[in-house]
Amino acid sequence: MSVDWSDLPPEIIETIAGNLRSYGEYLRFRAACRSWHSFLPKAPLRLRPQLPWLMLSRRAFFHLSTHKTHLLNLPEPSIRTRNCGSSHGWLVTLNEESPSIILLNPLTRATRSLPPLNAFPSVITFSYANVGREYLVRNHHGGVDSFNLRQMCNSFVRKIVLSSSPSRNNEFSAFAIVGERNLAFCRSRDDSWIFVSEEEELHCWEDAVHHHGSNSFYAISKGGTVAVCRVDDDCFPPRVSIVQTVAPVRFSGDIHYVVFSGENMMLVSRILEQEFDDAGGESNLVYRTVGFEIFEMNWFALKWEKVESLGDRALFIGGNSSLSLFAGCVGCLGDCIYFTDDYSDFNYDDACGKHDLGIFRLWDQGIEPLPCYPRNSYSRLGWPLPIWVSPNPS
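Bear in mind the structure is a predicted one, so any value in this text is a computation, not a measurement.

Calculation criteria
- Residues numbered from 1 in each chain as written.
- Predicted model: local features only at pLDDT ≥ 70, side-chain atom pairs only at ≥ 80, totals over all residues.
- Heavy atoms only, no water.
- Helix = DSSP H or I, 4+ residues; strand = E, 2+ residues; numbered from the N terminus.
- Buried < 20%, exposed > 50% of the residue type's maximum accessible area, 1.4 Å probe, protein only.
- Contact = heavy atoms within 4.5 Å.
- Areas by Shrake-Rupley, 256 points an atom, 1.4 Å probe, with all protein chains shown as cover.
- Pairing = 2+ DSSP bridges.
- Axes fitted to C-alpha atoms, helices over the stretch in contact; angles between N-to-C directions.
- Core = buried A, V, L, I, M, F, W, Y, C linked by side-chain atoms within 4.5 Å.
- Phe/Tyr/Trp six-rings, centres within 6.5 Å; stacked < 30°, edge-to-face > 60°.
- Lys NZ or Arg CZ within 6 Å of the ring centre and 35° of its normal.
- 1 Å grid on protein atoms, 1.4 Å probe; cavity = no way out; pocket = protein on both sides within 12 Å on 5 of 7 lines; lining within 4 Å.
- Points joined across faces, edges and corners; volume = space filled by probe spheres on them.
- Nonpolar A, V, L, I, M, F, W, Y, C, P; charged D, E, K, R; others polar.
- Salt bridge = Lys/Arg side-chain N within 4 Å of Asp/Glu carboxyl O.

Colleague: Mind showing me how you'd approach the overall build of the chain here?
Modeller: When helices and strands are tallied, the chain shows five helices and 28 strands. Residues counted as buried form 51% of the 394 residues belonging to the chain. Put simply, 49% of the contacts in the chain that link residues at least 6 apart link residues at least 24 apart. Here the chain displays about 18700 Å² of accessible surface, and carbon together with sulfur accounts for 51% of that area.

Colleague: It is not clear to me how the sheet that holds strand S8 (residues 123-126) should be interpreted in this structure. Could you clarify?
Modeller: Across a sheet, paired strands are connected by hydrogen bonds in the backbone, their directions being either parallel or antiparallel. Spatially, S8-S9-S10 is the arrangement adopted by the three strands of the open sheet, whose pairing is antiparallel. In the strand order of this sheet, the two ends are held by S8 and strand S10 (144-147), each with one partner. Taken pair by pair, the neighbouring strands of this sheet meet at an average axis angle of 20°, ignoring direction. Here four bridges tie strand S9 (residues 135-138) to S10, and the two strands are oriented antiparallel to one another. Residue Leu 136 lies in a different strand from S10, and its bridge partner there is Ser 146.

Colleague: For this particular structure, what's the right way to read the nonpolar core?
Modeller: One broad rule of soluble globular proteins: the nonpolar side chains tend to lie buried together. Residues Ile 101, Leu 114, Leu 117, Phe 120, Phe 156, Ile 160 and Trp 193 are the most contacted members of the largest nonpolar core, which totals 28 residues. Breaking this core down by element, the ones donating at least two residues are strand S5 (90-95), strand S6 (101-104), S9, helix H4 (149-156), strand S11 (157-162), strand S12 (173-178) and strand S13 (182-187). Sort the elements by how many residues they give to this core and H4 lands first, with four residues. The next biggest cluster of nonpolar side chains, apart from the first, holds 19 residues, and it includes Ala 314, Phe 316, Tyr 338 and Trp 388.

Colleague: Would you mind going over the pairing of strand S2 (residues 60-63) with me for this structure?
Modeller: Within a regular beta strand, the side chains point alternately toward one face of the sheet and then the other, so they alternate between its two faces. Here S2 shows two buried faces, one formed by Ala 60 and Phe 62 and the other by Phe 61 and His 63. Two strands pair when backbone bridges link them, and strand S1 (residues 53-55) and S2 are joined in this way by two bridges, in the antiparallel orientation. Looking at the pairing, Leu 54 lines up with Phe 62 of S2. Inspection of the sheet shows S2 paired to strand S3 (residues 68-71) by four bridges, in the antiparallel sense. From the neighbouring strand, Ala 60 faces S3, where its bridge partner is Leu 71.

Colleague: Please clarify how the packing of aromatic side chains should be interpreted in this entry.
Modeller: A full pass over the atoms with the stated rule returns 15 aromatic pairs. An angle of 80° between the planes, with centres 5.0 Å apart, marks the rings of Phe 251 and Phe 295 as edge-to-face. One end of the pair, Phe 251, is in the loop between strand S18 (240-243) and strand S19 (255-261); the other, Phe 295, is in strand S21 (residues 284-298), and 44 residues separate them in sequence. Here Phe 251 and Phe 295 have matching classes, each one buried. The positively charged end of Arg 313 is found above the aromatic ring belonging to Phe 326, 3.8 Å away from the centroid.

Colleague: How do you make sense of the pairing of strand S25 (residues 336-339) when you look at a structure like this?
Modeller: By the alternation rule, side chains of S25 split into Cys 336 and Tyr 338 and Ile 337 and Phe 339, which are all buried. Across four bridges, strand S23 (residues 313-317) lies against S25 in parallel orientation. The residue of S25 that forms the bridge with Ala 314 is Cys 336. Here four bridges tie S25 to strand S26 (residues 358-361), and the two strands are oriented antiparallel to one another. In the sheet register, Phe 339 faces S26, and the bridge partner there is Gly 358.

Colleague: Help me understand the sheet that holds S1, please; the structure alone is not making it clear to me.
Modeller: If you walk across this open sheet you meet the four strands as S3-S2-S1-S28, and the pairing is antiparallel. Of all the strands in the sheet, the pair left with one neighbour each is S3 and strand S28 (387-389). Going across the sheet, the axis of each strand differs from the next one's by a mean of 35°, ignoring polarity.

Colleague: What am I meant to see in empty space enclosed by the protein here?
Modeller: Empty space left among the atoms is revealed by rolling a probe the size of a water molecule over them. On inspection of all chains with the given rule, the structure shows two cavities of 30 Å³ or more. Approximately 50 Å³ is the volume attributed to the second largest cavity. If you trace the second largest cavity, you find it lined by Trp 53, Leu 72, Gly 89, Asn 105, Pro 106, Leu 107, Val 389, Ser 390, Pro 391 and Asn 392. Here the lining of the second largest cavity is built from residues that sort into six nonpolar, four polar and no charged.

Colleague: What's the story with the pattern of salt bridges in this structure? I'm lost.
Modeller: Any two side chains of opposite charge can pair, so long as their charged atoms come close to each other. Across all of its chains, the model carries 12 salt bridges by this definition. Note that Asp 190 is salt-bridged to Arg 187, the shortest N-O span being 3.2 Å. For Asp 190, a relative accessible area of 17% gives the class buried. Judged by its relative accessible area of 15%, Arg 187 is buried. Ionic pairing is found between Asp 356 and Arg 270, a salt bridge with its closest N-O pair at 3.6 Å. Within this pair, whereas Asp 356 is found in the loop between S25 and S26, its partner Arg 270 is found in strand S20 (residues 264-277), the two being separated by 86 residues in sequence.

Now the structure itself:
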């Protein structure tokens, strides 16, 4: 018997759509016939965790499982921008011509705004008239420093993470690492940021992430200290609780990341080594990733315990909000760390066009290149730092 697939009952269409693995599969399924296209919404109601895309440029995004580069119809910026975060499929972008902090969903081209750079408590004044010293900022010693537009764009905010997708929840919040000493918070309806940490605590904050289960932001310091900022509208402004570990660990790495794998909080320590690079006939001293160590927080003993294997999990770290995904579900290698270059803009490592990124295998401690970025390749000179973006159509 011939079957007219366009006449499938709606509940069967919904069931099939709910079991598709990727947004691309959903789009192809929706486009198969006119009736399915009219019945199914443009954005899926339910979508499994997605393998993140690697943003190579303002418009080019690399898909790990298909080894294909997708060119999205995004406007090329006329000015230099910097990505200082990627959460729930939204990029957090700064630019060198204004204090604006813009959220961009590259898949839908939707945008939202956060309070600007001059709305942080430490910024005393901002004026375009003071060319070359547009910002006056109070430092942690109580003095005042001047910064130009480019300096503020590149170094004032280290990272910003979001609590949820702005398109799914209008009441989302944002959490920022400002310099190294301050942690800041704002809600989507706020016009300014507030500091939620005390500078005199002298912690050098390195990374932050939001945990949906506890509705809290977590930050990690260079020494393994944890800051917990619980989001609660009944208690505003929120304050940070500092969790000091009982048994200090001497981490081998130079850069630390925090990630939740299920309910377990992990610290990922990235180990760098210096090497000489002879790009362009000049000898440059640059840093390269040579390994990682992973630790898990034991909340009962308040100490970090070393993890030897991730099992079927894969971690994605860098300038994004760190992710832990089941490899078998999303189509990548398990027991691996997929890492991008989130530090070379602060030194001269990218002067020779060699961004530091790849795949670290825990089982043999080896590093392999990402297919779109052969290790020691010079072909990406001038491109921005790559960053993981989880495709999110809503």
